[in-house]
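So the chains spell out like this:
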Amino acid sequence: MSSDAMVIRAAEASGKPWVETLHEWVTTVDHKRLGILYILYALVFLVIGGIEATIMRIQLMWPHNDFVSPQVFNRMFTMHGTTMIFFVAMPVLFGFANYLVPLMIGARDMAFPRLNAFSFWLTALGGFLLYFSFVGGSGLYGGGNAPDVGWWAYAPLTARAFSPGHSSDYWTIAVLVSGFGSIGTAINLIATIFSMRCPGMKLSRMPLMVWLNLVMSGMVLIVITPLSAAQIMLLVDRYLGGHFFDTQAGGSAAIWMHFFWIFGHPEVYILVIPCFAFMSEIIPVFSRKPIFGYPVMVGATVCIGFVSMSVWAHHMFSIGMSSYSNAFFTLTSMVVGVPTGIKIFNWLGTMWGGKLIFKTPMLFCIAFLFQFLIAGLTGIMLAVSPFDWQLTGSYFVVAHFHYVIVGGILFAVFAAFYYWYPKVSGRMLNESLGKLHFWLFVIGFHLTFDLMHIPGILGMPRRIYTYEPGRGWDTLNLLVTIGAFVQGIAVLVFVWNLVFSYFKGLRAGNDPWDAWTLEWSVSSPPPEYNFATIPTVASRRPLWDRKHPEDPDSRYE
Amino acid sequence: MLVILAGILLAAGLCIAGPQATNPVPSIFEPHSTPADSILDLSNFVLGITGLIFLVVATLLTYAVVKFRSKAGEAQREPAQVYGSTQIELAWTVIPILIVVVLFLATARVLHAIQDAPKPAAAVEVTAIGHQFWWEFRYPHLGVVTANELHIPVSDPAHPTPTFLKLLSADTDHSFWVPQLAGKTDLIPNRINETWVDPHRTGLFLGQCAQYCGTQHAKMLLRVSVETPEAFQAWVNAQKQPAIQDEKEAAGRRVFENTACVNCHAVGGTNATGRFGPDLTHLMSRATIAAGAAENTKENLRLWIQKPDAIKPGSLMPAMQLTDADLDALVRYLETLK
């Protein structure tokens, strides 16, 4: 991986022995280095989670395939889901936030650098624990190895009667520990944003990237808490004779669902809001216009933050809630679509009348807009609770949330990679490889996830390791698997591009995109402590003001 | 989106093109029961609205991408810097809110119609109990117990005889899903759920467990046989009988009653009263074994008893380790349970 390459190169450059460089990285409290560590860590797990997905897709290529046993298949989808959410999406987004927020607000580091390092290493420990279950999960009972209860681990499948051994414990503790890491990072981001802004950087002048990460951090503080509480209750159930979720002894399975989804749904927004942030930084620069409706964008995000906490039970329409509860959660789930729609319209407004430049980051942004639109519309279908009774738990819902997480979040993360890689490494990512990566990924993505909606409509439930022939699912599943391989190849192209460009990429200079936020005013990579003198800003686009002294933004805001 | 819509139409076409006999594709676009019907009507309405939204927004996006691309050789001037517009923001806030109101009202109507439907006196009542990894069906008023294959009468809209299912679970969460009859309702331990269906035509309808319930979630299949009132009554009468006692197969019966079989399985009229596995009183009246995982044939029964993992790895049926002679006798006995 490029982490080793980076370490070695840094060592060569400084003439220090590599052990010393390694020691520096392990003990670092620098926000930029921690940001890079978060991102590399997420990339490693992205590849692992991708391999797990590939194993599942091979198994489902045709009916009654026996590539893996049902036990292995169940572990694969549990590990894939847990890995991708907690150890890929969260860390990669925290990594970008860690790296960019201090630079964008003109600060020299995060508010609590040591807490920052602590949070990263907690998250790292969580991922390690989850995967250590492959070795330690059998426990004394010989039951299972890796967790196989699904990433939302519904009760009472996690009770000791149904999940002997320690696999569920590894799952519980891994999620619990990484949750503490997330809370640490959220506190850190909030403190940094509130107290470390440079002179002139009023709240109303913060880049949207910073605003959106502020909202995301606030949500993390609120919703990780019930998740952690539920994990602790589960451990109490399993080892101290508690009966919270133990249905054999009068506990409630539905309570676990509520605890999980009051985390689980806002979590989707915790992941997607930083991606909205990437869009809001990248689209303006490649449209050569300021973001359309900045105050509305901030307001819509805060609105999403609040409303998204009242929608969780739309994951539970089939558990037999009353018609009034179902109606309430239908309404809130549709309402959250309104501010989200407003955001899409504002990005469209930003592009309207601009001069669009189709570099790789912008290509990923445009694909994001189309795909996120579709993901939102299938989300409206799922919000319609009677429609949801047919769609939930089927492959339709799997296709829907992969449209959000891959078509939305992952595309946005790729855009962010292509956009900020020059700042982090000092070199441009290769454009030809980037375009190859983009097109391969677009083709693979649509082949897989467009078609995946249809078996769900034809009655195929999710989480089944095999299926009966003759139900109209066979050909579709084969095509879905082929698409997964195309995506896998695209990711390999991307990883190769990261490594190749690190050594051979064009020199980036300070400001390769002619952008407007403060991170582009310093060298690439930025010096230690970022700013020799703390900058002063007078508008939302400080570098625009510097480049256009005759027509600065500060005149209009 | 277009691809999805095209796919949906294709899928719907596949179903309609099929012969009038029951189509094995359990598509939600081919409903045969009131709940599934009204869900489909609502779904078509929602698909129409979301399709329209997609067309409008995607057209605007495509137009912007094509129209506003920077042209090569153009002077390096920045475009006009526009910061926003209150009127436009208001427009694209209010219109979506109106759409939400419409969708919500349409949804609330269907919700009420399905969930709060009164139970007519003529309704058939069934208690469905989810087990790892099979279905138990009990008809409390008819005195019938069966497994995995639900038999219900067709419901004439003029004189409706819907089936109301009380949903329970013996272990983990499950979900009852027969797409052509109704949407999903979960079976959750320590909780009583309810759903209902009123099939408008006879035939076999396929479904399966739709909530992950453990190792063999995939092979917890579900078959619903919808019959004319006469055929249903005949089936009930047959099921109410105790097991046939064929003295020619006494040896096989002894194997059954002297091994662990009786711990889990019941055979009406004998001392086998286990509740952990399916009731076998009328085993041979069922088309499948192992919750639909295999056809109910002599070879499959034999394999299922001796090596359940060959059919359904991870199922809770233990391998019985019988001698060949005992196994043959046992299978012959089971085959008398008509």
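Our subject is the structure that appears above.
Numbers given to residues run from 1 along each chain, matching the order in which its sequence is written. Lettering of chains starts at A and numbering of ligands starts at 1, both following the order in which they are written. Given that this is a predicted model, residues contribute local features only at a pLDDT of at least 70 and side-chain atom pairs are listed and counted only at 80 or more, while totals for whole chains, interfaces and linings are drawn from all residues. Side-chain figures throughout are based on the complete set of non-hydrogen atoms in the structure, without hydrogens or water.

Caption draft 1: Region of interest: the overall build of chain A. A tally of helices and strands in chain A yields 17 helices and 0 strands. Over its C-alpha atoms, taken along the principal directions, chain A stretches across nearly 70 × 55 × 45 Å. Buried positions account for 68% of the 557 residues belonging to chain A. Considering only intrachain contacts with a sequence separation of at least 6, the fraction spanning at least 24 residues in chain A is 80%. Summing over all exposed atoms, chain A offers an accessible surface of approximately 17,500 Å²; the carbon and sulfur share of this is 71%. Put simply, chain A has 31 plus and 28 minus side-chain charges, and the middle of one group is 7 Å from the middle of the other. Runs of E in the DSSP output that reach at least two residues are strands. Runs of H or I that reach at least four are helices, and both are numbered from the N terminus. Each residue is placed in one exposure class: buried if its accessible area under a 1.4 Å probe, protein chains only, is under 20% of its type's maximum, exposed if it is over 50%, and partly exposed if it falls in between. In what follows, residue pairs with any heavy atoms lying within 4.5 Å of each other are defined as contacts. All accessibility values rest on the Shrake-Rupley procedure with a 1.4 Å probe; residue burial counts only the protein chains present in the view. Asp and Glu count as negative and Lys and Arg as positive, but His and the ends of the chain are not part of the count. Every charge is mapped onto a representative atom, which is NZ of Lys, CZ of Arg, CG of Asp or CD of Glu.

Caption draft 2: Spotlight on the interface of chain B and chain A. Every contact between the two is made by 92 residues of chain B and, on the other side, 98 residues of chain A. Take the accessible area each of two parts loses on contact, using a 1.4 Å probe, and add the two losses: that sum is the buried area. Carbon and sulfur atoms make up 70% of the surface buried where chain B meets chain A, a total of about 8,200 Å² over both sides. Salt bridge, as used here, is a side-chain nitrogen of Lys or Arg placed within 4 Å of a carboxyl oxygen of Asp or Glu. Applying the counting criterion to the chain B and chain A interface returns 1 salt bridge. A salt bridge links B:Glu78 to A:Arg288; the nearest nitrogen and oxygen atoms lie 2.8 Å apart. Between N or O atoms, a polar contact is any pair within 3.5 Å; within protein, one atom must be a potential hydrogen donor and the other a potential acceptor, and residues adjacent in sequence are included only when both atoms are from side chains. The interface formed by chain B and chain A contains 30 residue pairs in polar contact (both at pLDDT 80 or more). Elements with a contribution of two residues or more to the side of chain B that touches chain A: helix H1 (2-17), helix H2 (34-67), helix H3 (86-115), strand E7 (182-187) and strand E9 (203-208) of chain B. At 17 residues, H2(B) tops the list of elements feeding residues into the side of chain B that touches chain A.

Caption draft 3: Expanded view of the nonpolar core. Side-chain atoms within 4.5 Å are what join buried Ala, Val, Leu, Ile, Met, Phe, Trp, Tyr and Cys residues into a set we call a nonpolar core. Grouped together as the largest cluster of nonpolar side chains are 244 residues, with contacts concentrated most on A:Phe96, A:Trp256, A:Phe278, A:Trp347, A:Phe368 and A:Trp420. A:Trp347 has contacts with A:Phe276, A:Met279, A:Ser280, A:Ile283, A:Ile291, A:Met297, A:Phe368 and A:Leu369, leaving out every residue within four places of it along the chain. Counting 29 residues, the second-largest nonpolar core is a separate cluster that includes B:Leu150, B:Ala182, B:Phe205 and B:Val236.

Caption draft 4: Expanded view of the packing of aromatic side chains. Under the pairing criterion, centres of Phe, Tyr and Trp rings, with the six-membered ring standing for Trp, must be within 6.5 Å; the plane angle then separates stacked pairs below 30 degrees from edge-to-face pairs above 60, leaving the rest tilted. This model, assessed by the stated rule, comprises 68 aromatic pairs over all chains. Ring geometry for B:Phe232 and B:Trp235: centres 6.1 Å apart, planes at 25 degrees, overall stacked. Remark: B:Trp235 and B:Phe232 occur in helix H4 (residues 229-240); sequence separation between them is 3 residues, near one turn of the helix. A relative accessible area of 6% places B:Phe232 in the buried class. Put simply, a charge is over a ring when the Lys NZ or the Arg CZ is close to the ring centre, within 6 Å, and near the line of the ring normal, within 35 degrees. Directly above the ring of A:Trp152 sits A:Arg463, whose terminal nitrogen or CZ lies 4.0 Å from the centroid. In this arrangement the basic side chain of A:Arg541 is found over the ring face of A:Trp516, its NZ or CZ atom lying 4.4 Å from the centre.

Caption draft 5: Up close: the pattern of salt bridges. Under the counting rule described, the total for this entry stands at 19 salt bridges over all chains. Between A:Glu24 and A:Arg33 there is a salt bridge; the shortest N-O distance is 3.6 Å. A cluster of three or more residues bridged by salt bridges with shared partners is formed by A:Arg288, A:Asp511, A:Asp514, A:Lys547 and B:Glu78.

Caption draft 6: Broad picture of the environment of B:Leu168. Tracing the chain through its elements places B:Leu168 in strand E5 (residues 163-169). Spatially, the C-alpha atom of B:Leu168 lies 5.7 Å from that of B:Ile192, the residues being 24 residues apart in sequence.

Caption draft 7: Broad picture of helix H8 (residues 253-287) of chain A. Residue and element names in this part refer to chain A. Between its first and last C-alpha, H8 extends 50 Å over 35 residues, near the 51 Å set by a 1.5 Å rise per residue. Largest kink in H8: about 30 degrees, centred on Trp261. Of all 35 residues that make up H8, 30 are buried, and the element is covered over most of its length. By the N-cap criterion, in which a side-chain oxygen at the helix start approaches the backbone nitrogen of a residue two or three places on, H8 is capped by Ser252, the distance to Ala254 being 3.3 Å. One or two positions beyond H8, positive phi appears at Arg288, with a value near 60 degrees. Any helix carries an expected span of 1.5 Å times its number of residues minus one. Bend is computed residue by residue as the angle between axes fitted to the seven residues ending at the residue and the seven residues starting at it.

Caption draft 8: Broad picture of the sheet that holds strand E10 (residues 221-227) of chain B. All names here are of chain B. Strand pairing is defined by DSSP finding a minimum of two bridges between the two strands. Reading across from one edge, E4-E10-E9 is the order of the 3 strands in this open sheet, with mixed pairing throughout. Because the sheet does not close on itself, it has two edges, and the strands there are strand E4 (149-153) and E9. Strand-to-strand twist of the sheet, defined as the mean angle between neighbouring strand axes without regard to direction, takes the value 25 degrees. Relative to E10, E9 is paired through 6 bridges, and the arrangement is antiparallel. Looking across to E10, one finds that Leu204 is bridged to Ser225. Note on geometry: axes are lines fitted to C-alpha atoms, helical ones only across the stretch in contact, with angles between N-to-C directions running from 0 to 180 degrees.

Caption draft 9: The environment of B:Tyr63, seen in detail. Tracing the backbone through its elements, the reader meets B:Tyr63 in helix H2. Apart from the residues within four sequence positions on either side, B:Tyr63 is in contact with A:Trp352 and B:Phe68.

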